[in-house]
Amino acid sequence: MLVNRLKTTYIFYVVFILFLFFGFTNVSISSTVSLRIYQVFIPFLSIYLIFNMKYIKNIKLFEVEFILFYLYMGITFFWSIDKILSLRLMILQIMLIVFYFYLRVEFNKFRIKELESFIIKIGKYYILGSFVFYILGLYVFATSPIKGEVFYLGLMQESILPRLRGFAESPNDFILYALFFLVFFINQHRYALIFLTVISLVLSFSTTGLIICFLIFYISYFKRILSPKFIFYTLVMIMILVLLYINFIQTNEDFMRMIEWRLERNESGTGRFDLWIYVLHFINNNIWGYGINTTRVLIKSFHALNSVHNSILEVFLTGGWIGLLLYLLLYLTIFIYALLIWKYHNDSKMFLIFFMFFIAGMANNTLDVGFLVFSISILYQYASRRNLRNE
């Protein structure tokens, strides 16, 4: 465990481990309300922040916009079509803001190199542990399969498809953390970890995750893309994977049925395109929005889902034009900071991470997840300690 000169507390390591490695389990508060385990500690973290307010300074523009966005989305509670649902999410957003500033204060105790070392180490345990957790789930899945959507440890069964979710609540959450760590693994040339992360993304059967993975590799290695050595090794790897794939499907009919089922779903964006078309008629003249967390009410007649699997449409439905403008302004500012870090310090990690997160938000709801505050708290460390001349 890393111990640095500014005395990061062991409480931080406990809370962070609960946040990262126990995303797959909840604590029931009542019959209708449950929290992630780390969220149970939020009231105590609030008290900690009150006594450490002096460390919350040098506020960046993207932080102001982040709070304004959540503030406006919270205000939509007052005209929400379902105030109970909106109140629950408004409380969650307050908890996420508290957690953001807690991470910001604690990460600020690391030097940048120490922080990167910490991320590499924790990422290694996360990817390796998720893979092992999936294998254990695969064993349970193989011995006692059940139809429908079922969770087996690190595996989520979707119809007949055994998808890797690792320590996350779902494969869609897992790919966010896996791609985040992949960016750092690539930067540090940790090839074994890169390989294991890519395999984990493949086993998640996430089309979005695989597309983003390809884009990360392309942006990271575009200067070498025409290198004969790079092309040779790439072709060799592709040929080996093709041979292994052909051999595997010839001896496993169930796996082939899984692939065919997934490809059929991909023709309509795994059902997302139909959903997006359905919600379009709710957006006309939608200035103020229907209220946070009300999407499930609006799409109830179409499907029993909690979101529309698209962050922009989600914001547009629940926050209207004002919410959408605040959301896009937040991302525009984040990208400007990330590009300045890349330009003046030849460091593309922050750009790749938020590029990944924005693209992932086109196929999933990424508005109120812990990964959002985690990634912004990391961005702050880079933006606050490096000279961005045109900031």
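Throughout what follows, the structure given in this document is the object of discussion.

The rules behind these values
- Residues numbered from 1 in each chain as written.
- Predicted model: local features only at pLDDT ≥ 70, side-chain atom pairs only at ≥ 80, totals over all residues.
- Heavy atoms only, no water.
- Helix = DSSP H or I, 4+ residues; strand = E, 2+ residues; numbered from the N terminus.
- Buried < 20%, exposed > 50% of the residue type's maximum accessible area, 1.4 Å probe, protein only.
- Areas by Shrake-Rupley, 256 points an atom, 1.4 Å probe, with all protein chains shown as cover.
- Pairing = 2+ DSSP bridges.
- Salt bridge = Lys/Arg side-chain N within 4 Å of Asp/Glu carboxyl O.
- Axes fitted to C-alpha atoms, helices over the stretch in contact; angles between N-to-C directions.
- Contact = heavy atoms within 4.5 Å.
- 1 Å grid on protein atoms, 1.4 Å probe; cavity = no way out; pocket = protein on both sides within 12 Å on 5 of 7 lines; lining within 4 Å.
- Points joined across faces, edges and corners; volume = space filled by probe spheres on them.
- Nonpolar A, V, L, I, M, F, W, Y, C, P; charged D, E, K, R; others polar.
- Parallel < 35°, antiparallel > 145°, perpendicular 65-115°, else oblique.
- Left-handed = near helix turned anticlockwise from the far one by under 90°.
- Expected span 1.5 Å × (residues − 1).

1. Some points on the overall build of the protein
Scanning the protein for helices and strands turns up 15 helices and five strands. When the 391 residues of the protein are sorted by exposure, 50% land in the buried category. When the accessible surface of the protein is summed, it comes to about 19,400 Å², and 69% of that surface belongs to carbon and sulfur atoms.

2. Quick look at the pairing of strand 5 (residues 161-164)
Residues of strand 5 alternate between two faces, with Leu161 and Arg163 on one and Pro162 and Leu164 on the opposite face, all of them buried. Where strand 4 (residues 155-158) folds back onto strand 5 in an antiparallel hairpin, the turn is made up of two residues, including Ser159, whose phi is positive at roughly 60 degrees.

3. Here we look at the pattern of salt bridges
The full count for this structure, using the stated rule, is six salt bridges. We note a salt bridge from Lys349 to Asp347, for which the minimum N-O separation is 2.8 Å. Across the pair, exposure class does not vary: Lys349 and Asp347 are buried alike. Here the salt bridges do not stand alone but share partners, grouping Glu116, Asp347 and Lys349 into one network.

4. Notes on the sheet that holds strand 5
What the three strands build is an open sheet, ordered 3-4-5; its pairing is antiparallel. Looking at strand neighbours, the two that pair on one side only are strand 3 (150-152) and strand 5, the edges of this open sheet. Across the sheet, the mean angle separating the axes of adjacent strands is 30 degrees when strand polarity is ignored. In the sheet, strand 3 pairs with strand 4 via three bridges, with the strands oriented antiparallel. Each bridged residue has a counterpart across the sheet, and for Phe151 the counterpart in strand 4 is Met156. Across the sheet, helix 5 (residues 112-143) touches strand 3, strand 4 and strand 5, and the angle it forms with strand 5 is around 160 degrees.

5. What to know about empty space enclosed by the protein
Taken as a whole, this structure holds one cavity of 30 Å³ or more when the rule is applied. In this structure, the largest cavity encloses a volume near 40 Å³. If you go around the largest cavity, the residues you meet are Phe69, Tyr327, Leu330, Tyr331, Phe357, Thr366, Leu367 and Leu372. Broken down by element, the lining of the largest cavity gets its largest block of residues, three residues, from helix 13 (residues 311-345). Each residue belonging to the lining of the largest cavity can be placed in one class, and the counts come to seven nonpolar, one polar and no charged.

6. Let's talk about the pairing of strand 4
On strand 4, burial covers both faces: Leu155 and Gln157 on one face and Met156 and Glu158 on the other are all buried. Remark: two residues form the turn of the hairpin made by strand 3 and strand 4, two consecutive strands paired antiparallel; Leu153 in that turn has positive phi of roughly 55 degrees. Across four bridges, the pairing between strand 4 and strand 5 is antiparallel. Opposite Leu155, over in strand 5, you have Leu164 as the bridge partner.

7. Concerning the packing of helix 6 (residues 171-187) against helix 14 (residues 349-360)
Geometry of a packed helix pair, given as the angle between the helix axes and the separation of the axes. Contact pair helix 6 / helix 14: the axes reach a minimum separation of 10 Å and the direction vectors enclose 155 degrees. Judged on the interaxial angle alone, helix 14 and helix 6 are roughly antiparallel. For the pair helix 6 and helix 14, the sense of crossing is right-handed. Packed against helix 6, whose contacting residues are Leu176, Leu179, Phe180, Val183, Phe184 and Asn187, the element helix 14 presents Lys349, Met350, Leu352, Ile353, Met356, Phe357 and Ala360 at the interface. The residue inventory of the contact of helix 6 with helix 14, partitioned by class, reads eleven nonpolar, one polar and one charged.

8. Observations regarding unusual backbone geometry
Unusually for a residue other than glycine, Asn293 sits at a positive phi of about 70 degrees. Along the polypeptide, Asn293 turns up in the loop between helix 11 (272-279) and helix 12 (295-298).

9. Brief notes about helix 3 (residues 61-75)
With 15 residues, helix 3 extends 21 Å between its outermost C-alpha atoms, agreeing within 8% with the 21 Å of an ideal straight helix rising 1.5 Å per residue. Along helix 3, the residues that are buried comprise Phe62, Glu63, Glu65, Phe66, Phe69, Tyr70, Tyr72, Met73 and Gly74. In this fold, the buried residues of helix 3 make contact with helix 4 (83-107), helix 13 and helix 15 (370-385).

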